[in-house]
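Chain by chain, the residues:
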Amino acid sequence: MRWQVQMQRRLGHAASRFELDIAFQSDAQRLVLFGPSGAGKTQTLMMMAGLNTPQQGRVVFQNQVVFDSQQSVNLAARERGLGYVFQDYALFPHLTVRQNIGFALKQGLQNPSLAHEDSSVAHWTQVFQLQAVSELYPEQLSGGQRQRTALARALIAKPRALLLDEPFAAMDRSLRQRLREELLELQRKLSLPMVLITHDEEDVKAFAQEVIHIQQGKVVSDSSPYAPADHHA
Amino acid sequence: METAWVALALTLKVAGWATAINLVLGVAVGFALSRGRFMGRGVIDALLTLPMVLPPTVLGYYLLVMLGRHGAVGQWLKEQFGIQLIFTWQGAVIAASIVAFPLVFKAARAAFENVEPTLEQAARVLGLSELAVFFRVTLPLAWRGIMSGTLLAFARATGEFGATLMVAGSIAGQTQTLSIAVYEAVQAGQDQTAHFLVLVTSVSCLAILLSAGYLAPGRVAGQNQRGWP
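The shown structure was predicted, so the numbers you read here are calculated from the model rather than taken from an experiment. (Residues numbered from 1 in each chain as written. Chains lettered and ligands numbered in written order. Predicted model: local features only at pLDDT ≥ 70, side-chain atom pairs only at ≥ 80, totals over all residues.)

Novice: Whenever I open this one, the overall build of chain A confuses me. Can you help?
Specialist: Scanning chain A for helices and strands turns up eight helices and eleven strands. The C-alpha radius of gyration computed for chain A amounts to 18 Å, which stays within 12% of the reference 17 Å derived for 233 residues, consistent with globular compactness. Residue pairs in contact within chain A that sit at least 24 positions apart in sequence constitute 64% of those at least 6 positions apart. (Helix = DSSP H or I, 4+ residues; strand = E, 2+ residues; numbered from the N terminus. Rg over C-alpha atoms; globule rule 2.2 N^0.38 Å. Contact = placed C-beta atoms within 7 Å.)

Here's what the structure looks like:
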C-alpha cells in the first residue's frame, strides 16, 4: 500500500470546533482528496507532510511509518522526503527564480548566491521553460510561471512523492486546463506518486486515479470513478 | 573644537556598542516573543518596553542602585572580576543599551510576526534545519524591519542624556558624550562650543533618520527587493 493514513485532530476553539478524523488507504499514483473548502483537506495534506501534527493516528508511506502516535514516531517534515506545493506556491520573495529552484540543493545556513550555477537547476529551469525569467523575483512572474517555479523547486529535491494543495485554484480557466495537462504529463514521465487536493470536479476528472471525498473533516467515500482512461472510454 | 571631536568619537563608540548589543539581544528576544507561546508574554513585553516610557533619570537611578558600589550586581562584579562600571564609558554603554533596547526588540518582533509562516514551512519541507530556516528565510525577510528599528536605536543611543549622566557622569574624554558636552558647554557659557556641538549632533541624527526612513518596510515593498541580503 502506498498510503495508509489514519489521523485525528481537533481544530479551532469552542464555537468553531472542528474534528478532523481522516482514514484512508490508497495505492494510486495520482490520488485526489476532493471536498468543499473548509472540509479539512489542507490540514490533512499538511499532516501527511509533517507540517502539522495529528493528535492521534498513524501515517505510513510506502512501508515507512512516518507518524505513529502510539509508538511516538513523528518524522519532521524534512525527514519525510516529500515534496509540497503550497496553494499560493510560497516562493521565497527575496530570492530569484533560479535561487528558489536551487534552494534545496544547499542545506547550510546560506542561500544559493545570485550567480549560483548548477546542472540540475539548469535542467529543471529548462523542463519548465523558465530560462527567460530565471533572474526575476517571484512577484514579477505570471501565475503559471510561479507554479512551474514551485514545482521545479520541489522536484529538484528528488521527493518520494509530491503533495499539491489546490494547484490550479488561483488561475483562469484556459491556463488551468493547460497546467493540468502539464502536471499529468509530468507525473507520467517521472512516475512520481502525487496527492492533489481540490474542490474542483474538473481536477478530479482530469487527474485522479483514485479520489477520496472529504466533508467536514471525515472521509465520506473512497472510489476511483474518474480515472482518465475510464472517463474518455 | 577639540572637545567636540573627542565627544563625537566617544558618542559613536558608546552608541555603536549599545547598538551592537541591542541588535543581538533585540533580535533574539523579538524572535522569542513573536514565536513563543508561553505564560506571561504580555508582562515580559511590557517590562521590556518600560525603558521607552520611563524617564531616563529613573532608569539611571535603577542602574545606579544595581550597579553601584552597594548594588547587588555592582558588588558581585567588583568581587569576581574587579570591574567597576559606574563612571566608565562601559557604564554609559549599558545605560544607552537599556534606553534604546525597546526600539530594536519591538521592531524585530513586528518584523518576525510579518513573515509569512508558509514560507518557513516551505523551507522545512525542502529539508532545511530550523537554524537554516531562520538564517535563510525568516531573518532575511525580517531584516528591513529590524534594521530600521536598529537605526532608530542608534539615534536614540547617540542622544542619550539622563541615564548616562547618572551612571557614567560627565568626565571629559572618558564619559562626556555629545549631548552631555552640550549641557556642560551651555552651563559654562561657552556658546561657540555649544553651537558647534549642536550642529554636529543634528547632522548625525538627520543622517541616521534618513537611512532609517529608507529602510522602513512598506516603502520598498512592491518594488525590487535587491536590498535584501
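Novice: Where do I start with the interface of chain A and chain B in this structure?
Specialist: By a widespread convention, an interface's size corresponds to the accessible area lost as its parts come together. Taken together, the contact pairs 20 residues of chain A with 19 residues of chain B. Elements with a minimum of two residues in the side of chain A that touches chain B: helix H2 (77-80) and strand S7 (82-85) of chain A. Residues that form the side of chain A that touches chain B fall into these classes: 14 nonpolar, five polar and one charged. (Nonpolar A, V, L, I, M, F, W, Y, C, P; charged D, E, K, R; others polar.)

Novice: What should I look at first to understand the environment of Trp17(B) in this one?
Specialist: By the element assignment, Trp17(B) lies in helix H1 (residues 2-35). For the pair formed by Trp17(B) and Gln90(B), sequence separation is 73 residues and the distance between their alpha carbons is 9.0 Å.

Novice: How should I be thinking about the environment of Ala20(B) in this particular structure?
Specialist: Relative to the helices and strands, Ala20(B) resides in helix H1. Taking C-alpha positions, Ala20(B) is 24 Å from Gly36(B), a pair spaced 16 residues apart along the chain.

Novice: Looking at this structure, I do not really get the environment of Leu85(B). What am I missing?
Specialist: Residue and element names in this part refer to chain B. When you line up the elements, Leu 85 lands in the loop between helix H4 (72-81) and helix H5 (89-113). Each C-alpha atom, one on Leu 85 and one on Ala 32, is 29 Å from the other, the two residues being 53 residues apart in sequence. Leu 85 has contacts with Leu 67, Gly 74, Leu 77, Gln 90, Gly 91 and Ile 94, leaving out every residue within four places of it along the chain.

Novice: Just to check I follow, could you spell out the nonpolar core for this structure?
Specialist: In terms of nonpolar packing, the biggest core is built from 121 residues, with Ala49(A), Leu163(A), Ala95(B), Ala96(B) and Ala108(B) touching the most fellow members. The element best represented in this core is H5(B), accounting for 16 residues. The residues touching Leu163(A), leaving out its near neighbours within four places in the chain, are Leu45(A), Met48(A), Ala49(A), Leu82(A), Gly83(A), Tyr84(A) and Val195(A). (Core = buried A, V, L, I, M, F, W, Y, C linked by C-beta atoms within 7 Å. Buried ≥ 20, exposed ≤ 12 C-beta atoms within 10 Å, placed from the backbone.)

Novice: Is there a simple way to think about the pairing of S7(A) in this case?
Specialist: Each regular strand displays side chains that alternate between the two surfaces of the sheet. Residues and elements named next belong to chain A. Of the two faces of S7, the one lined by Leu 82 and Tyr 84 and the one lined by Gly 83 and Val 85 are each fully buried. Sheet topology places S7 next to strand S8 (residues 161-165); four bridges connect them, and they run parallel. In the sheet register, Leu 82 faces S8, and the bridge partner there is Ala 161. (Pairing = 2+ DSSP bridges.)

Novice: What is the right way to read helix H2 (residues 41-53) of chain B from this model?
Specialist: Turn by turn, an α-helix covers 3.6 residues, leaving residues three or four places apart pointing in a common direction. With 13 residues, H2(B) should cover 18 Å at 1.5 Å per step; its first-to-last C-alpha distance of 19 Å lies within 8% of that length. Where H2(B) bends most, the angle comes to about 25°, and this point is Leu47(B), followed within four residues by the proline Pro51(B). (Expected span 1.5 Å × (residues − 1). Bend = angle between axes of the 7 residues up to and from the residue.)

Novice: What is the right way to read unusual backbone geometry from this model?
Specialist: Outside of glycine, negative phi angles account for most residues, and trans bonds account for most peptide bonds. Residues other than glycine seldom take positive phi values, yet Asn63(A) does so here, at roughly 70°. Counting through the fold element by element, Asn63(A) comes out in the loop between strand S4 (56-61) and strand S5 (64-68). Look at Phe87(B): it is not a glycine, yet its phi comes out positive at around 65°.

That's the geometry; what it means functionally is another story.
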